[in-house]
Amino acid sequence: MSTDLAIETNSSNSEKKKDGFIVETVKKLVQNKLAVIGLVIIFIQVVLAISAPFIVSYGPYEQDPTATYLGVGSEGHFLGTDNYGRDMWSRIVYGSRISLIVGVSTVAIGLLGGITLGLLAGYFKKLDAIIMRIVDLLFAFPGILLAMLIIAMLGTSLVNVVIAISIWSIPGCARIVRGSVLSVKKQEYVMALRSVGAGNTRILLKHILPNCTAPIIVFATTRMATAILSTASLSYLGLGAQPPTPEWGAMIAAGQNFMWDAPHMAVIPGVAIMLTVFAFNVVGDGLRDALDPNMNV
Amino acid sequence: MGNLLEVNDLTIKFRTAKATSTAVRNVSFSLEAGETLCIVGESGSGKSITSLSLMGLLPENGEVSNGSIRLNGEELVGKTEEELRKIRGNEISMIFQEPMTALNPVFTVGYQIQEPLRIHKRMSKQEATVKSVELLKQVGIPNPKEKIHQYPHELSGGMRQRVMIAMALACEPSLLIADEPTTALDVTIQAQILDIMDDLKEEFGMGVVFVTHDMGVVAEIADRVMVMYAGDVIEVNDVQTLFEDPKHPYTKGLLGAVPNVDDETQEMKVIPGSMPSMEDDIPGCRFHPRCPMAMDICKEKKPALIDVGKENAAVRCWLQEVDTNADTTIAASGGFENVLSD
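Computed from a predicted model, the values in this text were never measured in an experiment.

### Describing the overall build of chain A
Link 1 in the chain: Check the secondary structure of chain A and you find 13 helices and zero strands.
Link 2 in the chain: From first element to last, N terminus to C terminus, chain A shows the α and β order α-α-α-α-α-α-α-α-α-α-α-α-α.
Link 3 in the chain: Against the compact-globule benchmark of 19 Å for 297 residues, chain A has a radius of gyration of 24 Å, which places it well outside the compact range.
Link 4 in the chain: Expressed along its principal axes, the backbone C-alpha trace of chain A runs to roughly 90 × 45 × 25 Å.
Link 5 in the chain: Residues classed as buried in chain A amount to 47% of the 297 residues present.
Link 6 in the chain: In chain A, the proportion of contacts linking residues at least 24 apart, taken out of those at least 6 apart, comes to 71%.

Written out as structure tokens, the structure reads:
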């Protein structure tokens with residue numbers, strides 16, 4: 001019998017891939033060219049945001065009345081200046097800080113709320129109806145309208161934008177998590193865990209949640225794009241960051257008045273928003289494909 | 001000495017949207033330490049539900065509506081979830097049918113074997129690791145020290161079932177429930193798993209409730225056999241007697257349906273008809289619509305479990321009543337062939 005066993009284990013050893021789950025996912029992701037471009041953009045943006053004070057020659061609020069409306073490629077201001085003579089490059093770089101911080105914090109708060117509600121709704125049948133009806137209620141509002149409503153109640157500021165967009169992120173996340181919990185909890189290993197005496201908390205947090213991470217990661221990544229875009233939209237409408245904050249949306253709003261004389265004032269922040277949103281979306285798509293066990297590249 | 005497990009008059013009901021239906025009716029049985037009881041029956045006979053009820057793990061819409069389950073004299077029916085959790089995995093453990101899905105894919109097997117140890121024995125990580133290596137060795141897994149770092153998908157079905165057994169035995173339970181643990185495995189692996197279970201039963205002095213529909217497995221592992229049909233116990237006997245001299249027409253049918261490998265010309269024998277569903281209300285004996293020897297009384301009155309000769313042996317069939325009362329022998333064999341040729 002011992003030789004049988006040896007053969008059996010050897011063959012199963014040679015068949016399997018040695019790579020861990022994370023390594024394998026990264027490998028699949030890297031095969032996706034668009035996702036790589038997205039990752040590079042995100043990486044550059046993160047580096048710029050972190051090292052902002054060291055790579056700009058002018059502060060984002062520093063005005064120079066002698067150098068207003070400078071175009072792209074001007075000496076000392078390679079992205080030009082705005083109507084107050086502030087350096088566009090500096091404002092874009094500092095703006096990326098705001099975008100990333102807002103994006104990360106809204107997604108974090110949204111995930112926290114969404115995962116909690118989703119886990120409870122998916123696992124406990126009695127809570128399901130109540131939680132999901134509340135979620136449906138939130139879903140009934142168009143997202144940006146909900147955010148505007150919340151800001152109208154709380155007042156205009158960047159913090160309130162974060163709160164508004166977080167609340168708006170919760171229902172989507174809750175639905176996704178609930179869906180995965182519903183399918184995971186039917187697996188036999190959940191029954192097996194109950195049969196060894198594991199309690200609900202242990203099963204839910206230690207065993208079911210890790211099995212739901214793939215859809216959560218994908219949601220978080222694409223949600224980053226939405227959050228950044230929504231922050232810019234709300235700021236553009238004057239509901240978020242207020243001038244002179246170098247927020248991209250607010251910069252477009254300020255720049256559109258000078259569209260004919262100095263188009264770069266509106267176009268550059270627009271391009272920055274576009275690239276960021278594009279990057280997070282393609283990485284999200286790439287992750288979805290890489291994490292989906294049914295997709296074999 | 002008292003029995004390890006005593007089940008009395010157990011009735012399990014399920015609430016569905018339409019009505020309440022009974023899945024298991026008045027089931028009674030007992031089990032001694034070191035004994036293996038096989039519960040045999042077709043799909044839907046209530047054998048799995050009976051075994052789940054022992055753990056208090058019935059589906060949400062099911063409940064034990066009557067009867068008692070005593071483990072070492074302690075009543076389990078009516079215990080709270082919290083109290084049951086302390087018993088599960090500690091005093092009663094369970095092995096499941098599908099080793100492929102019964103392990104969590106995101107954790108190493110070592111981690112999963114340690115779960116019951118950390119839940120019940122409050123062991124530290126180091127202690128639990130040492131114990132899990134020991135357990136894997138006991139269930140015959142080579143290189144246990146390396147294997148604990150592997151993930152379930154890296155192991156074969158037989159290996160995974162061994163891991164499940166190790167997990168179930170981690171806290172040295174007194175009762176092991178095995179719900180078709182070999183059904184999903186190759187025949188050669190089946191034999192190995194059965195051997196391991198038998199050895200470990202001796203070693204730990206456990207009682208084993210083994211649910212299966214495979215008569216070959218029954219012959220291999222059982223001390224006693226309980227045959228269930230549509231929620232009723234219809235025959236109980238020790239394995240020897242049951243195979244040699246089955247009393248109930250259904251048991252005969254089950255044994256007759258095991259194909260004979262030596263006889264190439266033999267046609268597969270079947271029991272005509274199919275298992276009634278829980279909702280069906282059948283008057284009299286629940287097997288009579290499929291029974292080749294059904295009499296008038298079978299359609300009207302449900303037979304009781306009638307003791308046959310010795311202790312712990314009984315049959316639920318009117319034929320038995322006739323046998324013992326009037327001492328008339330009824331040619332039982334050949335009954336199914338008659339039905340088939342009709």
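Read on for the rest.
### Structural notes on the pattern of salt bridges
Link 1 in the chain: Considering all chains together, one arrives at 21 salt bridges over all chains under this definition.
Link 2 in the chain: Among the ionic pairs, A:Arg133 bridges to A:Asp136, the shortest N-O distance being 3.1 Å. A residue pair is termed a helical-turn pair when its members lie 3 or 4 positions apart in one helix, as A:Arg133 and A:Asp136 do in helix α6 (residues 125-140) at three residues.
Link 3 in the chain: B:Glu35 is the salt-bridge partner of B:Arg224, the closest N and O atoms lying 2.8 Å from each other.

### Section: the packing of aromatic side chains
All names here are of chain B.
Link 1 in the chain: For the coordinates displayed, the defined rule picks out seven aromatic pairs over all chains.
Link 2 in the chain: Taking 5.0 Å as the distance between ring centres and 80 degrees as the angle between the ring planes, the aromatic pair formed by Tyr 229 and Phe 287 counts as edge-to-face. Of the two residues, Tyr 229 sits in strand β9 (residues 224-229) while Phe 287 sits in the loop between α10 (249-256) and α11 (296-300), which places them 58 residues apart along the sequence.
Link 3 in the chain: On the basis of relative accessible area, Phe 287 is assigned to the buried category, the value being 2%.

### Digging into the sheet that holds strand β4 (residues 62-71) of chain B
Residues and elements named next belong to chain B.
Link 1 in the chain: Strand order in this open sheet of four strands is β2-β1-β4-β5, and the pairing throughout is antiparallel. Edge positions in the open sheet fall to β2 (20-31) and β5 (74-75), since each of these has one partner strand only.
Link 2 in the chain: Where strand β1 (residues 5-15) lies against β4, eight bridges are found, and the strand directions are antiparallel. Residue pairing for β4: Thr 11 is matched across the bridge by Asn 66.
Link 3 in the chain: Running at roughly 110 degrees to β1, helix α1 (residues 47-55) makes contact with β1, β2 and β4 of the sheet.

### What about the interface of chain A and chain B?
Link 1 in the chain: On the side of chain B, 38 residues touch chain A, which itself brings 27 residues to the contact.
Link 2 in the chain: A salt bridge links A:Arg202 to B:Glu115, with the nearest nitrogen and oxygen atoms 2.9 Å apart.
Link 3 in the chain: Contributing elements (two or more residues each) for the side of chain A that touches chain B: α1 (2-15), α9 (188-195) and α10 (200-211) of chain A.
Link 4 in the chain: When residues in the side of chain A that touches chain B are grouped by element, the largest group, seven residues, is from α9(A).
Link 5 in the chain: A breakdown of the residues in the side of chain A that touches chain B according to their chemical character gives nine nonpolar, nine polar and nine charged.

### What about the domain arrangement of chain B?
A common way to express how large an interface is: the accessible area buried when the components associate.
Residues and elements named next belong to chain B.
Link 1 in the chain: With domains assigned, chain B is organised as domain 1 (5-222) and domain 2 (248-341).
Link 2 in the chain: With 13 residues of domain 1 in contact, the opposing surface of domain 2 contributes eleven residues.
Link 3 in the chain: A buried area of about 1000 Å², summed over both sides, lies between domain 1 and domain 2, and 57% of it is on carbon and sulfur atoms.
Link 4 in the chain: Summed over the three residues of domain 1 that lose the most area to domain 2, namely Arg 25, Glu 42 and Met 215, the buried surface amounts to 51% of that side.
Link 5 in the chain: If you look at where domain 1 meets domain 2, you find one salt bridge.
Link 6 in the chain: Our enumeration of links across domain 1 and domain 2 arrives at two residue pairs in polar contact (both at pLDDT 80 or more).
Link 7 in the chain: Ranked by the residues each element gives to the side of domain 1 that touches domain 2, the list is headed by β2, at five residues.
Link 8 in the chain: Here the residues of the side of domain 1 that touches domain 2 sort into four nonpolar, seven polar and two charged.

### Regarding the UniProt feature "domain: ABC transporter" (unreviewed entry) in chain B
Link 1 in the chain: As recorded in UniProt, the feature "domain: ABC transporter" (unreviewed entry) lies at residues 5-255 of chain B.
Link 2 in the chain: Across residues 5-255 of chain B, the secondary structure splits into 39% helix and 27% strand, with the terminal C-alpha atoms separated by 27 Å.

### Concerning a nonpolar patch on the surface
Residues and elements named next belong to chain A.
Link 1 in the chain: On the surface, Phe 141, Ile 144, Leu 145, Met 148, Leu 149, Met 153, Leu 154, Val 159, Ile 163, Tyr 236 and Leu 237 cluster together into a nonpolar patch covering about 990 Å² of accessible area.
Link 2 in the chain: Only α7 (143-154) and α8 (158-184) provide two or more residues apiece to the nonpolar patch.
Link 3 in the chain: Broken down by element, the residue count for the nonpolar patch peaks at six residues, all from α7.
Link 4 in the chain: When you line up the elements, Leu 149 lands in helix α7.
Link 5 in the chain: For Leu 149, a relative accessible area of 43% gives the class partly exposed.

### With respect to the sheet that holds strand β11 (residues 306-307) of chain B
All names here are of chain B.
Link 1 in the chain: Read across the open sheet, the eight strands follow the order β6-β7-β8-β3-β9-β10-β12-β11; overall the sheet is mixed. One side of each edge strand has no neighbouring strand; the edge strands of this open sheet are β6 (92-95) and β11.
Link 2 in the chain: Relative to the sheet, helix α6 (residues 157-169) contacts β6 and β7 (175-179), its axis offset from that of β6 by approximately 170 degrees.

### A word on a negative patch on the surface
All names here are of chain B.
Link 1 in the chain: A cluster of acidic side chains, namely Asp 195, Asp 199, Glu 202, Glu 203 and Glu 220, defines a negative patch on the protein surface.
Link 2 in the chain: Ranked by the residues each element gives to the negative patch, the list is headed by helix α7 (residues 187-204), at four residues.
Link 3 in the chain: By the secondary structure assignment, Asp 199 is in helix α7.

### Side note on the environment of A:Ala52
Residue and element names in this part refer to chain A.
Link 1 in the chain: Here Ala 52 shows up in helix α4 (residues 52-55).
Link 2 in the chain: The exposure class assigned to Ala 52 is buried, which follows from its relative accessible area of 0%.
Link 3 in the chain: For the pair Ala 52 and Val 190, spaced 138 residues apart in the sequence, the C-alpha separation amounts to 48 Å.
Link 4 in the chain: With near-sequence residues (within four places) excluded, Ala 52 lies in contact with Val 93, Tyr 94 and Arg 97.

Calculation rules
Residues numbered from 1 in each chain as written. Chains lettered and ligands numbered in written order. Predicted model: local features only at pLDDT ≥ 70, side-chain atom pairs only at ≥ 80, totals over all residues. Heavy atoms only, no water. Helix = DSSP H or I, 4+ residues; strand = E, 2+ residues; numbered from the N terminus. Rg over C-alpha atoms; globule rule 2.2 N^0.38 Å. Buried < 20%, exposed > 50% of the residue type's maximum accessible area, 1.4 Å probe, protein only. Contact = heavy atoms within 4.5 Å. Salt bridge = Lys/Arg side-chain N within 4 Å of Asp/Glu carboxyl O. Phe/Tyr/Trp six-rings, centres within 6.5 Å; stacked < 30°, edge-to-face > 60°. Pairing = 2+ DSSP bridges. Axes fitted to C-alpha atoms, helices over the stretch in contact; angles between N-to-C directions. Nonpolar A, V, L, I, M, F, W, Y, C, P; charged D, E, K, R; others polar. Domains from an automatic or database assignment. Buried area = accessible area lost by both parts, 1.4 Å probe. Polar contact = N/O pair within 3.5 Å; in protein donor to acceptor, adjacent residues only side chain to side chain. UniProt positions renumbered as here; feature names shortened; annotations may be inferred. Patch = residues over 30% accessible without salt bridge, like charges linked within 9 Å, V, L, I, M, F, W, Y side chains within 5 Å. Areas by Shrake-Rupley, 256 points an atom, 1.4 Å probe, with all protein chains shown as cover. Lys, Arg positive; Asp, Glu negative; His and termini not counted. Charge placed at Lys NZ, Arg CZ, Asp CG, Glu CD.

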